[in-house]
Amino acid sequence: MSNDAVWIRRVWRDTVWALLHNIRIRMSSDVERPSVLVSGSGKTAAINITLPAAPEMEEAGSDAYSGSFAVTYNSKTKKLDVGPGWLCCNGTFSEVAAFQDIQPETGYLCISAKLTPAGTWSVPTFSFTTPAADAFPLAAVTVKKSAGKLQVEIRQYPVTVAYLFQVKICPLAEI
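Note that the coordinates shown come from a computational prediction; the quantities given were computed from them, not determined experimentally. (Residues numbered from 1 in each chain as written. Predicted model: local features only at pLDDT ≥ 70, side-chain atom pairs only at ≥ 80, totals over all residues. Heavy atoms only, no water.)

(A) Quick look at the pattern of salt bridges. In the structure shown here, the tally under the stated rule is two salt bridges. Of the charged contacts in the structure, one is a salt bridge between Lys114 and Asp134, with a shortest N-O distance of 2.4 Å. With Lys114 in the loop between β9 (107–112) and β10 (125–128) and Asp134 in the loop between β10 and β11 (135–146), this pair connects stretches of sequence that are 20 residues apart. Overall, Lys114 belongs to the partly exposed group, its relative accessible area being 48%. What makes Asp134 partly exposed here is its relative accessible area of 23%. A salt bridge links Glu153 to Lys144; the nearest nitrogen and oxygen atoms lie 3.3 Å apart. On the basis of relative accessible area, Glu153 is assigned to the partly exposed category, the value being 35%. For Lys144, a relative accessible area of 37% translates into the label partly exposed. (Salt bridge = Lys/Arg side-chain N within 4 Å of Asp/Glu carboxyl O. Helix = DSSP H or I, 4+ residues; strand = E, 2+ residues; numbered from the N terminus. Buried < 20%, exposed > 50% of the residue type's maximum accessible area, 1.4 Å probe, protein only.)

Next comes the structure, spelled out in structure tokens:
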């Protein structure tokens, strides 16, 4: 009778189990060559794999979002493009056409419009500003220069409809 059992320490078994269940794969335009990092031990062990981003992913930004007001970086023009979407200004819906050639900056890219004295809304504009009642955030953009190369990271805020509101303090509320 042969004994085929192999006994290993509990921490080694837990490490192998955690490694098999904690594999993280990330793609980044900052990476030129694939790398693998094994970290932790026991139940906190993990395998982190970092891969270079495909060229078509770089052009589309870090996310493949294609919904309303999709913000993308055009590597040829070195500018941001915004896709079409829907805008609701105090309950009035309107379709906004795509817009191109926005100079990338670090900050929040917002869609804005103002209520005119005549009671109509101005033409919507895209700009880097602080989100507010009349400036709806579409994406957070980070611009970095590394080795003379411009790197633009876009954190898209998925949105079905952007809402803008004309707000005033109610005079009765101040009584």
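Having seen it, we continue.
(B) Inspection of the sheet that holds β9 at higher detail. Sheet architecture is open: four strands sit in the order β10-β9-β11-β12, paired in antiparallel fashion. In the strand order of this sheet, the two ends are held by β10 and β12 (149–156), each with one partner. For this sheet, the mean inter-axis angle between neighbouring strands, taken without regard to orientation, is 25°. Judged from the six bridges that link them, β9 and β11 form a sheet pairing that is antiparallel. Its bridge partner lying in β11, Ile111 is registered against Phe136. (Pairing = 2+ DSSP bridges. Axes fitted to C-alpha atoms, helices over the stretch in contact; angles between N-to-C directions.)

(C) Layout of unusual backbone geometry. Positive phi, normally seen in glycine, also occurs at Lys78, with a value near 60°. Looking at where Lys78 falls in the secondary structure, it is placed in the loop between β4 (71–74) and β5 (79–82). Residue Lys78 is classed as partly exposed on the basis of its relative accessible area of 44%. The phi dihedral of Asn90 falls on the positive side, at around 50°, and the residue is not glycine. With respect to the secondary-structure elements, Asn90 resides in the loop between β6 (85–89) and β7 (92–96). Look at Asn90 and you get partly exposed, because its relative accessible area is 37%.

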